[in-house]
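Take a look at the letters that make up each chain.
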Amino acid sequence: MNDADDVKEQIRARVDLAQLIGESVALKPAGRGQLKGLCPFHGERTPSFHVHVDRGFFYCFGCGAKGDVFEFVMRSQGLEFAEALKLLGERVGIEVRGMAPGQGRRRDLLEVNQSALAWFRARLDDGPARAYLRERGLTDATIDGWELGYAPDGWDGLLKHLLTQGVRDDDLLEAGLLSENERGRRYDRFRDRVMFPIRDALGRLVGFAGRVLGDGLPKYLNTPETPLFKKGEVLYGLDKARTAIRESGEVVVVEGYMDVLALHQTGFGTAVAALGANLTKEQAELLTRLDAQKVLLAFDADEAGQRAVLAGLEQSVGRRFLVQAVKVPHGKDPADAVLGDAGDLEAFAAALRTGTSEVAFRFQRVLAQHDASTPRGQRALLLELLPALQPRDVVDPVAAELRRLVADHLGLEPARLDQWLASQRPQRLDETSVRGLRRRADDLTPLRALELEVIGLLLLEPEKLRERVRRAVAALPVEAGESELIAFAELCERFGWRDAELVAAVQAREGADRILERLLAHAADGADDARLDVELRLDQLLSRVREHHMETGRRVRQGRLMQRLEELAARVHDADAPREQLEAAYAELAEVQGALAAREGERRLRSAGTLRRLEGKRRGRA
């Protein structure tokens, strides 16, 4: 083994492949010695990218990408092997010698940017930059931790300095650090500006943003498109927010560099900036790989701005995450909302929890196009929303939230809506089928039908009536509302448990005669071996009755919470409301949002339990 091979193997042995890949891909256990995540080399929704930790290689079953630690760095960073070897050597403290000068343009441009950053950093205290940043509320720890600098007011300060360091002006131009006029004169692109280094998700210095200190325009100036810097593919601050996003599943997206710095300084560590008017598909892909589930867009302070942000949101982005547009309190941008004497961290945190839902926004836009009071309009609405209603994965919070809105607004039975969505041909929906999805009228609800069937069973064996009625009533949840079983128990007490009089009284109730006649006829006419197993059937029905009562109670409570949510939202949007009322409204909004989230979690747990029971019964029959 020659020296080069020896260095390569030393580096391979020291680099933790899982840790390296985990810096840009959210990895989860996938069996002994394996991890999996979303492939960084092609777009996908279901993880097919596997890392074999013990064997030291990766493989994607979707696109076929494979290789070792060197191949991953070469693919992900666009480097040649020699460059990847040197980069990984620096990572683990092993010196790699013998690279030819000029080898690897991307690596050269990274080094050019790093040289420029060193010069900008050294100029920070030469002018008004640090004082300006302190006036804005940033601490020295933030200023230095984010490597902020200053580009002095002059035409060629950076150019002259880096030429003396052996950097060619062609390289500076390609890196976006110089501009060139029509006569071919080259000069510094950034002048008299606070400099914000922009790093990609891997922490590489790919560009800069400069904030003018005088009255010049533009206020902010970015590096132009270069081989390294693609504005729509970078999120400012993602290299620092990555861990917090992965742990919380949530990201706050803002417009400005100062907003990111201020939020991180005050404890909002998931903040990033989109470098544009909205999130792009490529930026969303970066967040998807970090397992982000919820995106909070704090782009504009007013309600019209919120609607504009949601209207312009890339549709594919809205399908990936639960998106909310945040109304920043007191009409400020995020930086001013959290910094200085007027900063209010609690109000900003409450605003993050009470944003305008993108799912609700999309639903309202579709709702405005159809008459939801008619079966024809409901059919059109359901078919238009069909792609978004169908879950893309086992857990799809966007589809779940939209299904809840559709069921509540159109008066549909959630279970029937789910059955239709799960059918092989959901697009074949006529007006009659729409009527079948609706919740039944009060006298024909599934709950009332179940309770009447229970009463029929209770009357089959009069000698056990008293004990079974008490058991049936005890099975009801504490929060049960109006119930046929409770009414029947009261009748039993009134008629002294005399079954003949009870049958007559029950049959007199509207809608009860059909069920009672069928059950009583079955009991009277059937042979012994065909008779109902009353105990078993009673247990089954009481279990279903209890679930229906809990679901009904949940819908009632959720309706009240939604009504309160609308009332509070109207209050916080009132520009004339006193500050004390606004703070109280924000606090209560947070409580209501938490209660709604808890209700949804409770519903999912019950749904999962029901599915497990059904699967158990299916296996039992098999």
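The residue numbering used here restarts from 1 in each chain and proceeds along that chain's sequence as written. Per-residue local features of the predicted model are confined to residues with pLDDT of at least 70, and side-chain atom pairs are confined, for both listing and counting, to 80 or more; whole-chain, interface and lining totals are unaffected and use all residues. Side-chain figures throughout are based on the complete set of non-hydrogen atoms in the structure, without hydrogens or water.

> Explain the sheet that holds strand S9 (residues 193-199) to me, and be specific about the residues and the numbers.
By way of backbone hydrogen bonds, the strands of a sheet pair with one another, either parallel or antiparallel. Taken together, the 4 strands give an open sheet; going across it, the order is S6-S9-S10-S11, and neighbouring strands pair in antiparallel fashion. With partners counted over all chains shown, the strands left at the sheet margins are strand S6 (149-151) and strand S11 (220-222), one partner each. Sheet twist, expressed as the mean angle between neighbouring strand axes with direction ignored, is 35 degrees. Whether two strands pair comes down to DSSP finding at least two bridges between them. Secondary structure follows DSSP: runs of H or I at least 4 residues long count as helices, runs of E at least 2 residues long count as strands, and numbering of each begins at the N terminus. Here 3 bridges tie S6 to S9, and the two strands are oriented antiparallel to one another. In the sheet register, Gly149 faces S9, and the bridge partner there is Met195. Where helix H11 (residues 257-265) meets the sheet, it contacts S9, strand S10 (205-212) and S11, and its direction lies at approximately 75 degrees from that of S9. Between N-to-C directions, angles cover 0 to 180 degrees, with each direction set by a line fitted to C-alpha atoms, over the stretch in contact for helices. Any pair of residues with heavy atoms lying within 4.5 Å of one another is described as a contacting pair.

> Describe in detail the packing of helix H23 (residues 465-475) against helix H24 (residues 484-494), supporting the description with residues and values.
It is the contact of H23 with H24, at a shortest axis distance of 10 Å, that shows an interaxial angle of 145 degrees. The way H23 lies across H24 gives a crossing that is left-handed. Where H23 approaches H24, its residues Leu465, Val469, Ala472 and Val473 are matched on the opposing element by Leu485, Phe488, Ala489 and Cys492. Only Asp, Glu, Lys and Arg are considered charged in this grouping, and only Ala, Val, Leu, Ile, Met, Phe, Trp, Tyr, Cys and Pro are considered nonpolar; every other residue, Gly among them, is considered polar. Residue composition of the contact of H23 with H24, by class: 8 nonpolar, no polar and no charged. For a crossing to be left-handed, the near helix must be turned anticlockwise from the far one by less than a right angle; the clockwise case is right-handed.

> Which residues make up the packing of helix H17 (residues 358-367) against helix H19 (residues 397-410), and what values do they have?
At their nearest, the axes of H17 and H19 sit 10 Å apart, and the two run at 45 degrees to each other. It follows from the interaxial angle that H17 and H19 lie oblique. For the pair H17 and H19, the sense of crossing is right-handed. Across the interface between the two elements, Val359, Ala360, Phe363 and Leu367 of H17 pack against Val398, Glu401, Leu402, Leu405, Val406 and His409 of H19. When the residues that make up the contact of H17 with H19 are grouped by side-chain class, the tally is 8 nonpolar, 1 polar and 1 charged. For classification purposes, an angle smaller than 35 degrees is called roughly parallel, one larger than 145 roughly antiparallel, one from 65 to 115 roughly perpendicular, and anything else oblique.

> Provide a residue-level description of unusual backbone geometry, including the pertinent values.
Most peptide bonds take the trans configuration, and most residues that are not glycine carry a negative phi. The omega angle of the peptide bond from Leu217 to Pro218 is 0 degrees, so this bond is cis rather than trans. Its place among the elements puts Pro218 in the loop between S10 and S11. The residue Trp497 is not glycine, and still its phi comes out positive at about 65 degrees. Exposure categories follow from relative accessible area, calculated using a 1.4 Å probe and restricted to protein chains: below 20% of the type maximum is buried, above 50% is exposed, and the middle band is partly exposed. Since its relative accessible area comes to 14%, Trp497 is described here as buried.

> Provide a residue-level description of the sheet that holds strand S14 (residues 294-298), including the pertinent values.
Taking strand neighbours across the sheet as the criterion, the 5 strands line up as S13-S12-S14-S15-S16 in an open arrangement whose pairing is mixed. Strands with a single pairing partner mark the edges of an open sheet, and in this sheet they are strand S13 (271-273) and strand S16 (356-357). Summarising the sheet, strand S15 (residues 322-325) and S16 pair through 2 bridges and their orientation is antiparallel. By the bridge assignment for S16, Ala325 is matched with Thr356.

> Any chance you could break down the side chain of Asp259 for me, citing the residues and the numbers?
Within the secondary structure, Asp259 sits in helix H11. As used throughout, the charge tally considers Lys and Arg to be positive and Asp and Glu to be negative, leaving His and the chain termini uncounted. One side-chain nitrogen of Lys or Arg within 4 Å of one carboxyl oxygen of Asp or Glu is enough to make a salt bridge. Comment: no salt bridge for buried Asp259; closest opposite-charge side chain is Arg136, at 5.7 Å. For the purposes of these results, a polar contact is taken to be a pair of N or O atoms within 3.5 Å, where, inside protein, one atom must be able to donate a hydrogen and its partner to accept one; residues adjacent in sequence count only when each atom of the pair is a side-chain atom. A distance of 3.0 Å separates the side chain of Asp259 from the backbone nitrogen of Ala335, its partner in a polar contact. Look past the residues within four positions of Asp259 in its chain and what remains in contact with it is Val254, Asp333, Pro334 and Ala335.

> So what's going on with the pattern of salt bridges? Which residues, and what values?
According to the stated counting rule, one finds 30 salt bridges in the structure shown. A salt bridge links Arg91 to Glu23, with the nearest nitrogen and oxygen atoms 2.8 Å apart. One end of the pair, Arg91, is in helix H4 (residues 81-92); the other, Glu23, is in the loop between helix H2 (17-22) and strand S1 (28-29), and 68 residues separate them in sequence. Among the salt bridges present, the one from Glu535 reaches Arg468, with a minimum N-O distance of 2.7 Å. Placement of Glu535 in helix H27 (residues 534-572) and of Arg468 in helix H23 is noted, with a sequence separation of 67 residues between them. Look at Glu535 and you get partly exposed, because its relative accessible area is 31%. For Arg468, a relative accessible area of 1% corresponds to the buried category.

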